[in-house]
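Spelled out, the chains give:
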Amino acid sequence: MHSFRYVQNQLQCESVPLTSLVKKYGTPLYVYSQETLTDHFTKLDQALSPLEHLICFAMKSNSNLAVINTLANLGSGFDTVSAGEIQRVIAAGGDPRKCVFAGVGKTEEEIAYALSQDIYCFNVESEAELKRISKVALKHKKIAPVAVRVNPNVDAGTHAKITTGTYANKFGIAFEQIEAVYARAARLPNLRLRGLQMHIGSQLTDVKPFRLAVEKVAPLVARLNAKHGFDFFSIGGGLGIVYNPALESGDPQWWKTAPARKILTPETYAKTLVPLLQPLGLKILLEPGRFLTGNAGALLTRVEYIKRTGKKNFVIVDAAMNDLIRPAFYDSYHQIVPLKRSKGAPISSDVVGPICESGDYFAKDRPLPKVGEGDYLALLSAGAYGSVMGSNYNSRSLAAEVLVKGKKSALVRKRQTTADIWANESVANWK
Ligand code: LLP
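Note that the coordinates shown come from a computational prediction; the quantities given were computed from them, not determined experimentally. (Residues numbered from 1 in each chain as written. Predicted model: local features only at pLDDT ≥ 70, side-chain atom pairs only at ≥ 80, totals over all residues. Heavy atoms only, no water.)

> Can you walk me through the pattern of salt bridges in this structure?
One side chain can pair with another of opposite charge once the charged atoms of both are near each other. Across all of its chains, the model carries 18 salt bridges by this definition. Here Glu 125 ties to Arg 149 by a salt bridge, and the two come within 3.1 Å at their closest N and O atoms. Of the two residues, Glu 125 sits in the loop between strand S8 (121–124) and helix H6 (127–139) while Arg 149 sits in strand S9 (residues 144–151), which places them 24 residues apart along the sequence. By relative accessible area, which is 6% here, Arg 149 ends up buried. (Salt bridge = Lys/Arg side-chain N within 4 Å of Asp/Glu carboxyl O. Helix = DSSP H or I, 4+ residues; strand = E, 2+ residues; numbered from the N terminus. Buried < 20%, exposed > 50% of the residue type's maximum accessible area, 1.4 Å probe, protein only.)

Okay, structure coming up:
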């Protein structure tokens, strides 16, 4: 489900009309629904209830403190990829002891910091990293909990830029080498071999690659567990969401209808994987990002100009690729709907931002209801990898963010001021 829907032709997030938010906070504006975050977390948590498990929210998808806090209150752990992310968890009231720390380039300082916070586990990406963690742990008289990331060489069948589980990717250690790596790791000081981790890619809409990967890796986990006494097996993240209800529903007038139906549900995911995982008798960790946050967020933007060229109808909006880079970077589809729904035939339009790049677009040749200057649009399913991938390109301020719960809304990130953008810069002291 998601909580962005029309009520009397006005788009609402839960019970809050979005026009009231753009009036109060301006645009571009990210809006998140606490109801959707909670619903998605709970559904996944319940589907996995036959297993002892811990959901570690991949906070790279959305690291706003209010989002982290919402999930922490539901009992979530966190999949982090930098010391900064661990600090964010703590700042948001989350528990560092429920954090896993992933990423191919952990520095000594980051490792020392993570050890000082007693994180749950390091997800290790190379043998050199194992040695580094051992060295830092020895120096700080700590025992470092580690899990090696196995690269199972299974194609996730998703966009090339978000596939991670094949030998063409920089991630993990090859399946065939894992047992020898664990044997060597067992001889390194101050390490506790706590589990095994994998992650094959993002935005998977089919359960099959997950099944193939778990089928391949589970026997390896069983063998390693017998030798090293594991606590857990982490199956990573990657659960996909619906971005384009038209594709799912086959309804050419999708913008008139409720978002749709055909998706990889937590139930299908769990029904397929639980029987494969249960016999291991281990705690199962998972690292969903997009599934929890994607459909919980929208980016609101104001129409600044309509520009008709001989060929095209351009809708120029005040949000840009610096606010939401996914269409430019991955050719991603985001549903675009007006805050006020009107009648009339859709017009094929390109929705573009003000940045000086042809790649600064949100949609091309998209049938859109007629809009004009001063109207507002919502880019849906922007809660994951939206705001977090924002930049100051073209000296544009980072967007404000609002969390909604029922009838309430809270500004959870102020709009950045222009002076903030260059606050850390200075002019050299020579001419
Ligand atoms: N675990 C690991 C080790 C990951 O690398 C990722 C995502 C996740 C979990 C969470 O994956 P999710 O459940 O969100 O699919 N910026 C791209 C997505 C990059 C994903 C990076 N890693 C996008 O906008 O589609």
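Picking up after the structure, the text goes on.
> Help me out: how do you make sense of the site of the ligand in this one?
Taken together, 18 residues lie near the ligand, and Ser 202, Glu 287, Arg 326, Tyr 330 and Tyr 385 sit nearest. Contact distances for the ligand include 2.6 Å between an oxygen atom and a side-chain N or O atom of Arg 326. Tyr 385 is positioned with one of its side-chain polar atoms (N or O) 2.6 Å from an oxygen atom of the ligand. A total of 590 Å² of accessible area belongs to the ligand in isolation, and the protein chains cover 91% of it. (Near = heavy atom within 4 Å. Polar contact = N/O pair within 3.5 Å; in protein donor to acceptor, adjacent residues only side chain to side chain. Areas by Shrake-Rupley, 256 points an atom, 1.4 Å probe, with all protein chains shown as cover.)

> Sorry if this is basic, but what is going on with the pairing of strand S11 (residues 191–197) here?
In summary, the side chains of a regular strand alternate between the two faces of the sheet. Within S11, 6 of the 7 residues are buried, leaving the element largely enclosed by the surrounding structure. Two elements, S9 and S11, share 6 bridges in a ladder whose sense is parallel. Counted as the bridge partner of Val 146 is Leu 193 from S11. The β-α-β motif built from S11, the intervening helix H8 (residues 208–228) and the parallel element strand S12 (residues 232–234) has right-handed crossover chirality. (Pairing = 2+ DSSP bridges. Right-handed = clockwise from strand over helix to strand, strands pointing away.)

> Is there a simple way to explain the environment of Leu 280 in this structure?
One can find Leu 280 in the loop between helix H10 (266–277) and strand S13 (283–286). Sequence separation between Leu 280 and Leu 48 is 232 residues; the distance between their C-alpha atoms is 15 Å. Leu 280 has contacts with Ala 218, Val 221, Ala 222, Asn 225 and Phe 233, leaving out every residue within four places of it along the chain. (Contact = heavy atoms within 4.5 Å.)

> So what exactly am I meant to see when it comes to the sheet that holds strand S2 (residues 10–13) here?
The pairing of strands in a sheet comes from backbone hydrogen bonds and takes either a parallel or an antiparallel form. Pairing in this open sheet of 3 strands is antiparallel, and the strands run S1-S2-S3 from one edge to the other. Strands with a single pairing partner mark the edges of an open sheet, and in this sheet they are strand S1 (4–7) and strand S3 (16–17). Two strands pair when backbone bridges link them, and S2 and S3 are joined in this way by 2 bridges, in the antiparallel orientation. Note on S3: the bridge partner recorded for Cys 13 is Val 16.

> Honestly, the packing of aromatic side chains in this entry has me stumped. Any pointers?
To describe a pair of aromatic rings, you give the distance between the ring centres and the angle between the ring planes. Tallying each qualifying case throughout the model produces 7 aromatic pairs. Arranged with centres 6.2 Å apart and planes meeting at 20°, the rings of Tyr 30 and Tyr 32 form a pair that is stacked. There is no split in this pair, since Tyr 30 and Tyr 32 are both buried. Judged by centre distance (5.4 Å) and plane angle (50°), the rings of Tyr 120 and Phe 232 are tilted. Of this pair, Tyr 120 sits in the loop between helix H5 (108–116) and S8 while Phe 232 sits in strand S12; the two residues are 112 residues apart in sequence, bridging distant segments of the chain. On the basis of relative accessibility, which here comes to 9%, the residue Tyr 120 falls in the buried class. Of the residues examined, Phe 232 reaches a relative accessible area of 0% and is grouped as buried. One residue, Lys 106, lies across the ring of Phe 101, its end atom 5.5 Å from the ring centre. Above the ring of Phe 175, the side-chain terminus of Lys 216 is found at 4.9 Å from the ring centroid. (Phe/Tyr/Trp six-rings, centres within 6.5 Å; stacked < 30°, edge-to-face > 60°. Lys NZ or Arg CZ within 6 Å of the ring centre and 35° of its normal.)

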